[in-house]
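Here is what each chain is made of, one letter per residue.
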Amino acid sequence: MTTTRNRALGAWVEEIARFTKPDRIHWCDGSDTESEMLVKHMLADGTLESLNADTHPGCYLHRSHPSDVARTEHLTFICTEKQADTGPTNNWMSPAEARGKVWPLFENAMEGRTLYVVPYLMGPESSPFSKVGVEITDSAYVAVNMRIMTRMGKIALDRLGDSSDFVKGLHSLGDLDPQRRFICHFPQSKEIWSIGSGYGGNALLSKKCFALRIASTQARDEGWLAEHMLILGLEDPQGRTTYIAAAFPSACGKTNLAMLIPPLSQAGYKVWTVGDDIAWLRPGSDGRLWAINPENGFFGVAPGTNKETNPNAMATIGKNTIFTNVAVTKDRQPWWEGLGKPPEGMTDWRGNPYDPSKGEPAAHPNSRFTAPAAQCPGISPKFSDPQGVPISAIIFGGRRASLVPLVYQAFDWNHGVLVGSMLSSETTAAATGKTGVLRRDPMAMLPFCGYNMGDYLTHWLKVGNGLTHPPAIFNVNWFRRGPQREFLWPGYGENLRVLRWIVERANGGANKNNAVETPIGFVPTADAIDTRGLDVSSATMQELLRVDTAGWTQELHDFGDYLHKLGDRVPSALAVVLARIRLGLDGAAHRKTAKASVATPV
Ligand code: GTP
Ligand code: SPV
Ligand code: MN
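Residues numbered from 1 in each chain as written. Chains lettered and ligands numbered in written order. Predicted model: local features only at pLDDT ≥ 70, side-chain atom pairs only at ≥ 80, totals over all residues. Heavy atoms only, no water.

J.: Hey, could you run me through unusual backbone geometry in this one?
T.: In most cases, non-glycine residues show a negative phi, while peptide bonds are predominantly trans. One non-glycine residue, Leu176, lies in the positive phi region at around 65°. Within the secondary structure, Leu176 is located in the loop between β9 (167-172) and β10 (182-186). Residue Leu176 is classed as partly exposed on the basis of its relative accessible area of 22%. Positive phi, normally seen in glycine, also occurs at Asn320, with a value near 50°. If you trace the backbone, Asn320 turns up in the loop between α10 (311-316) and β19 (322-324). The class of Asn320 is partly exposed, set by a relative accessible area of 38%. (Helix = DSSP H or I, 4+ residues; strand = E, 2+ residues; numbered from the N terminus. Buried < 20%, exposed > 50% of the residue type's maximum accessible area, 1.4 Å probe, protein only.)

Printed below as a string of structure tokens:
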């Protein structure tokens, strides 16, 4: 009972249905009527709850199982024949072991349930760079989320035509027991099996599973990059727009930067949102790097989002949005930490009456909104451009309480790859496990790179070295802390001041008087960042831009050890750059000692 003429797709759906035994099969067309029907069912069976239709029209609340609230990285596997191809940063399972251990969990898993076939397109409708995926799922919640996050339904089947070139994603909620939860990726056959979770990146297979893990291996083979990056256009007062891609680890500020609204003191600038989480980057025939956002919606972190920090996000999520694991007020408005004083009579993310005296948050720290990109007031006119946008600057950044300056620029592409590979960041609630622990996260891709990290770094060097106009590469840190653990930099909209310096550097080349050369890269001169109207003292600014030679010497030493652990596939060119930077730091340390010995009488 297929409704497709595509034989490969029809055969696959039949095979899965025979094994999983659903009561019904529903082919998603992506229409409004279908969405309304699914919502109606979910309201009836409790999967969704209604929200205040006056304040939040078309919005619903979903509470996931309390043991299923974030990505589970330790249950995520790359399945290649040889472990070396998965590499030391990923969990590996052989395809044979997956067949024996994971596949049987799908047997009869859909009994009593509906099997939804969700065809989806990643990327703009007529883009040559877009790709088709199909997710089979027994979760209606997943189906309606996929409708927001991707171009779903007929549009994807039309694009697919008779081709068998699509990523097969099989998802079942299973019994939601973490003991029987697996997220397996088969790069060779472009398949994904996910069972035992209904949450976010574990279950919306278009996102991390396809657009990053599978796509990164396709990108390696085809000569492009699939990255955990936002894409934005910064328009200056003269009307020129410069496009930037930025990689920050999960819950480290991509959505917020992508939707930035400049503060009043920065009138005349405007940020256009192209993407907030994933970028597919390709070398263009003009020697530049071009980016598309494969997604069609935002699955964004709710806590911290408010009218001051991210007014564009607040406008985006005012209607037609699914909220997952947020709290709800007495009058059924979604609520989370960051929206001010908790109102009386609230229900927490688990569905219990909220008791603020317990000191726990009302919304889960990884509670999220799923909202259509088209609803973002700052959505870029290039959002659906089939060619995407040309990238002039790439930014890396993470949560670092100390050491890493507010911003610095790499000397060149190869050094930029080193800077990206050195990214480390305090862990967040986006994945299960301890938060606030500093961990290495090369290019913000540690949980998302679908192959050997050494090969990945080699691929980055190759792609950049093939460009005649490679983007300039920068590193930022919005999260430096002072003695009271307070953030030294105001962040959010004020980050525009840093973006302006980045764009100036990227567009003007290196011959400008706005930077000093330090051993780790170019750092803004004392007055290069516009701090007018900002409540940040010049002493704090100095601290934010300081390059601590001893601290960096240690950092690079530790990173050398890490590279060693990544194994023999790490490109030697990277070790060469690392040695050069370490030499520069030694020189600086030496000069400092020499200067000190002159100044200190013996
Ligand atoms: P994923 O969707 O998990 O990939 O995360 P993301 O990188 O898009 O993170 P997001 O922008 O949603 O931000 C996560 C958290 O960081 C939110 O609670 C924000 O309020 C907070 N945040 C974002 N930008 C800044 C900033 O500039 N300064 C500070 N201090 N916090 C920020
Ligand atoms: C992330 O964790 O980086 C996310 C959310 O963007 S999830 O879709 O759950 O992976
Ligand atoms: Mn993400």
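J.: What am I meant to see in the site of ligand 2 here?
T.: Arg71, Gly200, Gly201, Lys207, Lys208, His228, Ser250, Asp277, Phe299, Arg368, Ala430 and Phe448 make up every residue found near ligand 2. Taking Gly201, its main chain carries an N or O atom lying 2.8 Å from an oxygen atom of ligand 2. At 3.4 Å, a side-chain N or O of Asp277 approaches an oxygen atom of ligand 2. Protein chains shield 98% of the accessible area of ligand 2, which is 290 Å² for the free molecule. Elements with a contribution of two residues or more to the shell around ligand 2: α7 (200-203) and α8 (206-222). Residues of the shell around ligand 2, tallied by class, amount to three nonpolar, four polar and five charged. (Near = heavy atom within 4 Å. Polar contact = N/O pair within 3.5 Å; in protein donor to acceptor, adjacent residues only side chain to side chain. Areas by Shrake-Rupley, 256 points an atom, 1.4 Å probe, with all protein chains shown as cover. Nonpolar A, V, L, I, M, F, W, Y, C, P; charged D, E, K, R; others polar.)

J.: I'm lost on the coordination of the manganese ion (ligand 3) in this one. Help?
T.: Under perfect tetrahedral coordination by four donors, a metal shows angles of 109.5 degrees; under perfect octahedral coordination by six donors, it shows angles of 90 or 180 degrees. Protein coordination at the manganese ion (ligand 3) comes from Lys208 (NZ), His228 (NE2) and Asp277 (OD), with a distance range of 2.2 to 2.3 Å. Around the manganese ion (ligand 3), the six donor atoms sit at angles spanning 75 to 174°, and that spread fits a shape best called octahedral. Coordination of the manganese ion (ligand 3) draws on donor residues from a single chain, spaced K-x19-H-x48-D in sequence. Of the two residues, Lys208 sits in helix α8 while Asp277 sits in the loop between β15 (270-275) and β16 (279-283), which places them 69 residues apart along the sequence. (Donors = N, O, S within 2.8 Å, 3.2 Å for Na, K, Ca; no water. Tetrahedral: all angles 85-135°; square planar, octahedral: opposite > 155°, others 65-115°.)

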